[in-house]
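# Results of the structural survey
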Amino acid sequence: AQSVAQPEDQVNVAEGNPLTVKCTYSVSGNPYLFWYVQYPNRGLQFLLKYITGDNLVKGSYGFEAEFNKSQTSFHLKKPSALVSDSALYFCAPFREYSGAGSYQLTFGKGTKLSVIP
Amino acid sequence: NAGVTQTPKFQVLKTGQSMTLQCAQDMNHNSMYWYRQDPGMGLRLIYYSASEGTTDKGEVPNGYNVSRLNKREFSLRLESAAPSQTSVYFCASSEGRRNEAFFGQGTRLTVV
């Protein structure tokens, strides 16, 4: 079963405008949720995570994400987009497998963010 | 300050050839992963190792084998390469599910 969904393949936003990249998850138990970013021809870099506590988490490069348990969502946000934010963004929950308390890090299909000057 | 190191960075194979992708991490992490990235598919987990001496299949294990040689190294082997295995392969490591994973720079593999 799919653990995570990123409903938008691409998001376009004008520079200076707020941006949102959506993510919904379906994992059992307490979710451990991450956002990663991938710049062209590079590996993935960690942005932020939700483990427990405050539903609004802040991360690198001015990004933040809001955890919503009732909607099972973990949307990535930034108040003012930069052209340099253009990249591929992945939502990634840890998924329990084997029913033995073991976890695998799984990824959504990614959302391409394009910030237009 | 190397983090996760993958070799090689690029490789072209002929159908039926074999090869091993190497991965090493210097952060003393217990968990290591191999993913493949294809356009529109995101990252799909091939194999996972929770600790030295253990490995588990991920979402797309067919056609691959892995070895967790020691705590630092986790290799991925293609015994008989197929064009469907043309992809970008990423190795990653982490320590528990509360902490972020660190990724290598990737191996771009083409099977002709």
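Residues numbered from 1 in each chain as written. Chains lettered and ligands numbered in written order. Predicted model: local features only at pLDDT ≥ 70, side-chain atom pairs only at ≥ 80, totals over all residues. Heavy atoms only, no water.

A word on the interface of chain A and chain B. Contacts between chain A and chain B engage 22 residues on the former and 24 residues on the latter. Roughly 2000 Å² is buried in total at the junction of chain A and chain B, and carbon and sulfur atoms are behind 52% of that figure. Remark: the boundary between chain A and chain B carries 1 salt bridge. The closest approach of N and O atoms between Lys49 of chain A and Glu100 of chain B, which form a salt bridge, is 3.8 Å. Applying the counting criterion to the chain A and chain B interface returns 5 residue pairs in polar contact (both at pLDDT 80 or more). Elements with a contribution of two residues or more to the side of chain A that touches chain B: strand S5 (33–38), strand S6 (44–50), strand S10 (87–97) and strand S11 (102–105) of chain A. Top contributing element to the side of chain A that touches chain B by residue count: S10 of chain A, with 4 residues. For the side of chain A that touches chain B, a count of residues per class yields 13 nonpolar, 6 polar and 3 charged. (Contact = heavy atoms within 4.5 Å. Buried area = accessible area lost by both parts, 1.4 Å probe. Salt bridge = Lys/Arg side-chain N within 4 Å of Asp/Glu carboxyl O. Polar contact = N/O pair within 3.5 Å; in protein donor to acceptor, adjacent residues only side chain to side chain. Helix = DSSP H or I, 4+ residues; strand = E, 2+ residues; numbered from the N terminus. Nonpolar A, V, L, I, M, F, W, Y, C, P; charged D, E, K, R; others polar.)

What follows concerns the state of the cysteines. Counted by the stated rule, this structure contains 2 disulfides over all chains. Linked covalently through their sulfurs, Cys23 of chain A and Cys91 of chain A form a disulfide whose S-S length is 2.0 Å. Negative torsions about the S-S bond denote left-handed disulfides, and the value of about -60° found for Cys23 of chain A with Cys91 of chain A makes this one left-handed. Of this pair, Cys23 of chain A sits in the loop between strand S3 (19–21) and strand S4 (24–25) while Cys91 of chain A sits in strand S10; the two residues are 68 residues apart in sequence, bridging distant segments of the chain. Like Cys23 of chain A, the residue Cys91 of chain A is buried in the burial classification. The side chain of Cys23 of chain B participates in a disulfide bridge whose partner is Cys91 of chain B; the two sulfur atoms lie 1.8 Å from each other. On the sign convention where negative means left-handed, the S-S torsion of about -75° between Cys23 of chain B and Cys91 of chain B marks this disulfide as left-handed. Within this pair, whereas Cys23 of chain B is found in strand S3 (residues 19–25), its partner Cys91 of chain B is found in strand S9 (residues 87–94), the two being separated by 68 residues in sequence. (Disulfide = S-S within 2.5 Å. Buried < 20%, exposed > 50% of the residue type's maximum accessible area, 1.4 Å probe, protein only.)

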